[in-house]
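# Residue-level structure breakdown
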Amino acid sequence: MEYPFTQPSALEPPAEWARLRDECPVSRVRMASGDETVLLTRYEDVRTLLADPRFTHNLSRPDAARIADSESGGVFNEASLVTDMTSGEGHLRWRRMMSRSFTAKRVNALRPRIEEIAHELISAVQPPVDLVSALGFPLPVFVICELLGVPADHRDRFAHWSDAMLNLTKFKQDELDTAAREFHEFMAAHVLAKRDNPGDDLLSELATIVDAQDGRLTEVELIITAQGLLVAGHETTANMIGKMVAMLLADRSRWEALLADRGLIPSAVEEALRFDANPNIGIPRYVSEQYEVAGETLPAGTTVITNLASANRDGCVFADADEMVLDRRPNPHIAFGAGPHSCLGQALARVELQTVLGVLLDRLPGLRLDVEPAALRRREGLVVGGIEEVPVRW
Amino acid sequence: MEITVDEDACCGAGQCVMIAPEVFDQRDDDGVVILLDPAPPPELRPAVENAAAVCPAAAISVFP
């Protein structure tokens, strides 16, 4: 089977997910690279492997499957992005050092500023408008740029570098090489400039840690971290804003329920994350030791793709899994992964999504889709998924 | 109701603080969970059980 599977429409999951969860929870699929991987689709199997501290998404070993159709195989295969901080004790140290910037307290303090940015972006447009380019993409970029201390006026270049880093089939090799070189040069120069002119931001703080030379962080790790945060803070939430609004407007009774009760916002955001039929191709794991899953034994050296979105629709865990239930509680979805490698920025993503939704409900209560939901087009050719345009009126 | 947390497993996601701030906090320097109240009053049970259920690191245990 070729992977990823085709979706019937941008908001609907591929039919294969339900079939594989029922009949073939450990299946073999062919990636864009031509390499074969093992695909997991059930919640318990996906969650258990993701949370296993022995394994990571690092596919730089020679016997790992390549994901993308490029020379290296894409972001998961790229050996130059792998350092001591990728796994084990080194990862735990890195994670604890970074976590201070993404605690609930720190990201909650950003709410007023996120609201202000959302208001400015909404004030700048007239209907009809594409919600993705008007709000979905710019808002998270402004937020992550302020947090890192990177000027947002380069955001068109960031968008291109970010797409290239997350390439599956979209770019040619020379485009990927150029983007990778430019992105690295930009970030390296920017980090150097921070030393001359430090600010109250994360990159200045991390540059000071590198300069202490106490083994906590190297210059190379700092630049990889900065690139990773910019890309992660950029693509994922940006795509999710468009998808969340499209899901809520596709059945307008959802939007009306939120208009009637703003207390539903946090649980509606979680449900949109769970219900997202097109988050990414899944998260890989290089299984470096023999591994048992769903009664099968995978040999050491197997590359596994965990399909988080399929897991999030597993009827064994979620009642009415194929319904969007805005007040679902608890909602133990794994859209941000699980275990020690689960998303570092998840509290920030939640606050951004909740804040944007609140501002949209206040400012544009008459919001509606300007096309049929089935006419929404997927973004193609990247390891992350989204919708190209979400045309709206109000 | 009694609660325990596993600091070594905690991944600093902050969900518990968002859901039950009366019971959970995070250390400022590394985001690891702080248990403010290991035996909270019964009216906090729904929030505490929700926080335990959605913790991505399964680091919260609730005992009746």
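Keep in mind the model is a prediction, meaning the values are calculated, not measured. (Residues numbered from 1 in each chain as written. Chains lettered and ligands numbered in written order. Predicted model: local features only at pLDDT ≥ 70, side-chain atom pairs only at ≥ 80, totals over all residues.)

## Let's talk about the overall build of chain B
From N to C terminus, chain B includes two helices and four strands. Relative to the 2.2 N^0.38 estimate, which gives 11 Å for 64 residues, the radius of gyration of chain B is 10 Å and therefore close to what a compact globule would have. Seen along its three principal axes, the alpha-carbon backbone of chain B occupies a region of about 30 × 20 × 15 Å. Within the span of chain B, comprising 64 residues, buried residues form 42% of the whole. When contacts within chain B are restricted to residue pairs at least 6 apart in sequence, long-range pairs at least 24 apart make up 56% of them. (Helix = DSSP H or I, 4+ residues; strand = E, 2+ residues; numbered from the N terminus. Rg over C-alpha atoms; globule rule 2.2 N^0.38 Å. Buried ≥ 20, exposed ≤ 12 C-beta atoms within 10 Å, placed from the backbone. Contact = placed C-beta atoms within 7 Å.)

## Details of the overall build of chain A
Per the secondary structure count, chain A includes 15 helices and nine strands. In summary, chain A has a C-alpha radius of gyration of 21 Å against a globular reference of 21 Å for 394 residues, a match within 12%. Taking the principal axes of the C-alpha coordinates as reference, chain A spans close to 60 × 55 × 40 Å. Taking all 394 residues of chain A together, the buried fraction comes to 48%. In chain A, the proportion of contacts linking residues at least 24 apart, taken out of those at least 6 apart, comes to 72%.

## As for the interface of chain A and chain B
Taken together, the contact between chain A and chain B spans 19 residues of the former and 16 residues of the latter. Mapped onto the side of chain A that touches chain B, the elements with two or more residues apiece are helix 3 (88–99), helix 4 (104–108) and helix 15 (346–363) of chain A. Residues of the side of chain A that touches chain B, tallied by class, amount to eight nonpolar, seven polar and four charged. (Nonpolar A, V, L, I, M, F, W, Y, C, P; charged D, E, K, R; others polar.)

## Focus: the sheet that holds strand 4 (residues 283–287) of chain A
Residue and element names in this part refer to chain A. Here four strands make up an open sheet; going across it, the order is 1-2-7-4 and the pairing mixed. Either end of the sheet is taken by a strand with one partner, and the two such strands are strand 1 (26–30) and strand 4. Each strand axis lies, on average, 35 degrees off the axis of its neighbour in the sheet, ignoring direction. Both strand 2 (residues 36–40) and strand 7 (residues 302–306) contribute to a ladder of three bridges, which runs parallel. If you follow Val-38 over to strand 7, its bridge partner there is Val-304. The strands that helix 2 (residues 43–50) touches are strand 2, strand 4 and strand 7; relative to strand 7, the one it contacts most, it runs at about 120 degrees. (Pairing = 2+ DSSP bridges. Axes fitted to C-alpha atoms, helices over the stretch in contact; angles between N-to-C directions.)

## Remarks on helix 11 (residues 219–250) of chain A
In an α-helix, one turn spans 3.6 residues, which is why side chains three or four residues apart end up on the same side. Over its 32 residues, helix 11 of chain A runs 46 Å from end to end, which matches the ideal 46 Å to within 8%, given 1.5 Å per residue. The buried fraction of helix 11 of chain A is high, at 25 of 32 residues. (Expected span 1.5 Å × (residues − 1).)

## As for the pairing of strand 1 (residues 2–5) of chain B
Residues and elements named next belong to chain B. Judged by which residues are buried, strand 1 turns out to be one-sided: Ile-3 and Val-5 face inward and are buried, whereas Glu-2 and Thr-4, on the alternate face, are not. Strand direction decides the pairing type here: strand 1 and strand 4 (residues 60–63), joined by four bridges, are antiparallel. What sits directly across from Glu-2, in strand 4, is Phe-63.

## Some thoughts on the sheet that holds strand 8 (residues 368–369) of chain A
Residues and elements named next belong to chain A. Spatial strand order, 3-9-8: three strands in an open sheet with antiparallel pairing. With partners counted over all chains shown, the strands left at the sheet margins are strand 3 (129–130) and strand 8, one partner each. Bridge count for strand 8 against strand 9 (residues 391–393) is two bridges, and the pairing is antiparallel. Residue Leu-369 lies in a different strand from strand 9, and its bridge partner there is Val-392.

## Quick word on the nonpolar core
Soluble, globular proteins show a tendency: their nonpolar side chains are buried together. Leu-148, Ile-241, Met-244 and Val-356 of chain A together with Cys-16 and Ala-51 of chain B are the most contacted members of the largest nonpolar core, which totals 133 residues. Discounting chain neighbours no more than four positions away, the residues touching Met-244 of chain A are Val-269, Ala-272, Leu-353 and Leu-357 of chain A. (Core = buried A, V, L, I, M, F, W, Y, C linked by C-beta atoms within 7 Å.)

## Here's the deal with the confidence of the model for chain B
Within chain B, residue pLDDT values average 97, and 100% of them lie at 70 or more. The complex model carries a pTM of 0.97, and its ipTM stands at 0.97. (pLDDT = per-residue confidence, 0-100.)

## A short note on unusual backbone geometry
Residues and elements named next belong to chain A. A cis amide bond links Tyr-3 with the next residue in sequence, Pro-4, at an omega value of 0 degrees. On the secondary structure map, Pro-4 appears in the segment before helix 1 (15–23). Cis geometry marks the peptide bond from Pro-127 to Pro-128, where omega comes out at -5 degrees. As for its position among the elements, Pro-128 is in the loop between helix 5 (111–123) and strand 3. In this model, Ala-294 sits at a positive phi of 45 degrees, which is unusual for a non-glycine residue. The topology assignment puts Ala-294 in the loop between strand 5 (291–293) and strand 6 (296–298). A count of 13 C-beta atoms within 10 Å places Ala-294 in the partly exposed class. Unlike most non-glycine residues, Asp-320 shows phi in positive territory, near 50 degrees.

## Re the packing of helix 5 of chain A against helix 7 (residues 138–148) of chain A
All names here are of chain A. The geometry of helix 5 relative to helix 7 is characterised by a closest axis approach of 10 Å and an angle of 140 degrees between their N-to-C directions. Crossing geometry of helix 5 relative to helix 7 is assigned as right-handed. Residues Ile-114, Ile-117, Ala-118 and Leu-121 of helix 5 pack against Pro-138, Leu-139, Phe-142 and Val-143 of helix 7. Looking at the contact of helix 5 with helix 7 residue by residue, the classes come out as eight nonpolar, no polar and no charged. (Left-handed = near helix turned anticlockwise from the far one by under 90°.)

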